[in-house]
Amino acid sequence: RGRELKFRYVTQVGIEPPTFIFFVNEPELVHFATERMLINRLRERYGFVGTPLKLVFRSSSQEK
């Protein structure tokens, strides 16, 4: 409670399957619905239709 999820940056680290690492302030705050929304947006924007995507959420070292 009182905590807010903040995205710092994202990078693609793999291609089979496409794997993305999202650096966030607190990975435990990522809800499954947020993860599904990100997958859907990546598919729409970059044409990953029908491709399994792997998302990894890590704590950023830039804690403020």
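Provided above is the structure to which this section pertains.
Here's what I pulled together on the structure shown here. From a predicted model like this one, the values you see are computed outputs, not experimental measurements.

## Comments concerning the nonpolar core
At step 1: Core analysis: the biggest nonpolar cluster contains 11 residues, these being F20, F22, V24, V30, L38, I39, L42, F48, L53, L55 and F57.
At step 2: Residue contacts for F48: discarding those within four places in its chain leaves P18, F20, L42, R43 and L53.

## Some thoughts on the sheet that holds strand β3 (residues 54–59)
Backbone-to-backbone hydrogen bonds pair the strands of a sheet. The strands run either parallel or antiparallel.
At step 1: Read from one edge of the open sheet, three strands run β1-β2-β3, paired in mixed fashion. Of all strands in the sheet, those bounded by a partner on one side alone are β1 (7–15) and β3. The sheet shows a mean angle of 20° between the axes of neighbouring strands, taken without regard to direction.
At step 2: Of the pairings in the sheet, the one linking β1 to strand β2 (residues 18–24) comprises seven bridges and is antiparallel in character. Residue pairing for β2: F7 is matched across the bridge by V24.
At step 3: Packed on one face of the sheet, helix α1 (residues 32–46) meets β1, β2 and β3 and runs near 125° to β3.

Rules of the game
- Residues numbered from 1 in each chain as written.
- Predicted model: local features only at pLDDT ≥ 70, side-chain atom pairs only at ≥ 80, totals over all residues.
- Heavy atoms only, no water.
- Core = buried A, V, L, I, M, F, W, Y, C linked by side-chain atoms within 4.5 Å.
- Buried < 20%, exposed > 50% of the residue type's maximum accessible area, 1.4 Å probe, protein only.
- Contact = heavy atoms within 4.5 Å.
- Pairing = 2+ DSSP bridges.
- Helix = DSSP H or I, 4+ residues; strand = E, 2+ residues; numbered from the N terminus.
- Axes fitted to C-alpha atoms, helices over the stretch in contact; angles between N-to-C directions.

Such coordinate-based values are descriptive only and should not be taken to indicate function.
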